[in-house]
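# Examining the three-dimensional arrangement
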Amino acid sequence: MAGNTFGTSLAVTTFGESHGPAIGCIIAGCPPGIPLAEGDFDADLQRRATGRTRHTSQRHEEDRVEILSGVFEGLTTGTPISLLIRNTDARSKDYTKIAQCFRPGHADFTYWRKYGIRDPRGGGRSSARETTVRVAAGVIAKRFLQRQFGTVVRACLRQVGPIRAQLTDWQAVESTPLFWPEPETQAQLESYLDGLRKAGDSIGALVEVEASPVPVGLGEPVYGKLDSELAAALMSINAVKAVEIGDGMAVVEQRGSEHRDEIGTQGFSSNHSGGVLGGISSGQPVVARMALKPTSSILVPGNTLNVAGEAVEVVTKGRHDPCVGIRAIPIAEAMMALVLADQVLRHRAQNADVADPGPKLSGEAQLRAPSVD
Ligand SMILES: Cc1cc2nc3c(=O)[nH]c(=O)nc-3n(C[C@H](O)[C@H](O)[C@H](O)COP(=O)(O)O)c2cc1C
C-alpha cells in the first residue's frame, strides 16, 4: 500500500492498524536543535483521546509515545524521528460479526475490492487510530512554528448537525472537551448529542482551524500552493468530505468589492482570503474549515452485502464516535501545522537569500534562522 507519506521537506510517513500491536510514524527533515521529550506529546494526544466525554468512543488507549530515534539529550538531531504508540485497548471480537460484510459508508467495500484482503478489526488501516500519530508529528511541527514565529495553531467545532456556534472566544474552546466556542449553546449541544446516542445514530460536524501569526511567503505556486496543500492535508483526514479556505463556498454569492481584502498602512482590512493569495501566505491568519461526515458505525440497521454477495442487514456494535468532529480538532491542527512547517523549510531552500522588498505590514511574523535552546 503506497500513499502513506505526505510533505516534501518535512515528510511524515505513518504505519500501523487500529488493532495491530502499534501505530507509528517517521518524520524526515525535522530541523535539529528542537527540544523534545516523550511527555511533550501528552497534552495534544489527550485532546484527541477517546473517553474524555460521554459523547466520544469509550475505547481507552494510553497513547504513550516512545521516541525511537532522532532525539539526543532532549534535542532533535536532524535525523529521522521515529515515534511509536502501542495499541493497548483493542477489542477485536467486537468486529467478528461485521468482518464478513461491508458497513455502508465505511471503507470496508473499497479496501476489499482493491486489495482482495482486509484487516476488519477496528477498520484496520482505514481507522482514525492512524490519526493519533499525525497528532504526535503535529506536536513537533507546532513547536517548530511556535519557536520560529510565535505561531499558534488552534481549532474548534463550528457546527454539529443543526447547531451552529459563533467563534468569539477561543478560551471557551479549551474549557470543554467538546471544543465548542459558544458557552451559551453548550447545553443545547450536549442534549442534542445525548439524543443522538440514545437513537444509536451519528452526525456530521464543521471544524475550523486557524494559524496565526503566519509569515508572508509560504507556499509554492502552482502545484505546491499553500491552499491546495492544506486542502489535501485536511481532506486526507478520515471522514472529511469538504474543505474551505477563507470564505470558502460563500464566495459564490460575494462580489469582488466585498470579497477583496483591501490593504492599508495598518495592513489588510479583512481576511476573506483565509490568509492565502496566489497560493502564498499573505501574513494574515491562515483559516480553513473542514466538514466531517456522520460516521457509518451506528446501531441503526442498514442494508448491505456480505463478501459472498448476499444481501444482509448490518448493525455496528462496539465502541464508536457519534460525532467524529469532536476528536478531529487536534488532528486538523496537526495537519495545518505540518503543512506550514513543510512550507517554511521549502521556502528557505529556494528563497533564503531573497531580500524582502517590503512593504511590511503591521503585526507581520518574520522568517528567521532557527534558534537553539
Ligand atoms: C477522530 C475520528 C474518529 C472516527 N471514529 C469512527 C468510528 O468510531 N466509527 C466509524 O465508523 N468511523 C469513524 N471515523 C471515520 C472513519 O475512519 C472513516 O469514515 C472511514 O475510514 C472511511 O473513510 P472516509 O469517510 O474518509 O471515506 C472516525 C474518523 C475520525 C476523524
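In this report, we go over the structure that sits alongside the text. (Residues numbered from 1 in each chain as written. Predicted model: local features only at pLDDT ≥ 70, side-chain atom pairs only at ≥ 80, totals over all residues. Heavy atoms only, no water.)

## Focus: the sheet that holds strand β4 (residues 65-69)
If you trace the 5 strands from one edge of the open sheet to the other, you get β1-β2-β3-β7-β4, paired in antiparallel fashion. Of all strands in the sheet, those bounded by a partner on one side alone are β1 (5-6) and β4. As paired strands, strand β3 (residues 22-28) and strand β7 (residues 81-86) are joined by 6 bridges and run antiparallel to one another. Note that in β7 the partner of alanine 22 across the bridge is arginine 86. Against the sheet, helix α3 (residues 131-149) makes contact with β2 (11-16), β3, β4 and β7, and its axis sits at roughly 35° relative to β3, the strand it touches most. (Pairing = 2+ DSSP bridges. Helix = DSSP H or I, 4+ residues; strand = E, 2+ residues; numbered from the N terminus. Contact = heavy atoms within 4.5 Å. Axes fitted to C-alpha atoms, helices over the stretch in contact; angles between N-to-C directions.)

## A short note on the state of the cysteines
As enumerated under the stated definition, the model contains 0 disulfides in all. Of the cysteine sulfurs around cysteine 25, a residue in no disulfide, the closest is that of cysteine 30, at 11 Å. Here cysteine 156 stays unpaired: no disulfide links it, and the sulfur of cysteine 323, its closest cysteine neighbor, is 13 Å away. (Disulfide = S-S within 2.5 Å.)

## Overview of the packing of aromatic side chains
For the structure on display, the rule yields 2 aromatic pairs. Relative to phenylalanine 109, the ring of phenylalanine 102 has its centre 5.4 Å away and its plane inclined at 85°; by these criteria the two rings are edge-to-face. Residue classification places phenylalanine 102 among the buried residues on the basis of a relative accessible area of 7%. (Phe/Tyr/Trp six-rings, centres within 6.5 Å; stacked < 30°, edge-to-face > 60°. Buried < 20%, exposed > 50% of the residue type's maximum accessible area, 1.4 Å probe, protein only.)

## Section: the nonpolar core
Within the largest apolar cluster, 77 residues are counted, with the highest numbers of intra-cluster contacts made by Ile27, Phe41 and Leu83. If you tally residues by element for this core, the top one is helix α8 (residues 329-351), at 12 residues. Aside from chain neighbours lying at most four places away, what touches isoleucine 27 is Leu10, Ala11, Val12, Thr79, Pro80, Ile81, Leu83, Ala137 and Ile140. (Core = buried A, V, L, I, M, F, W, Y, C linked by side-chain atoms within 4.5 Å.)

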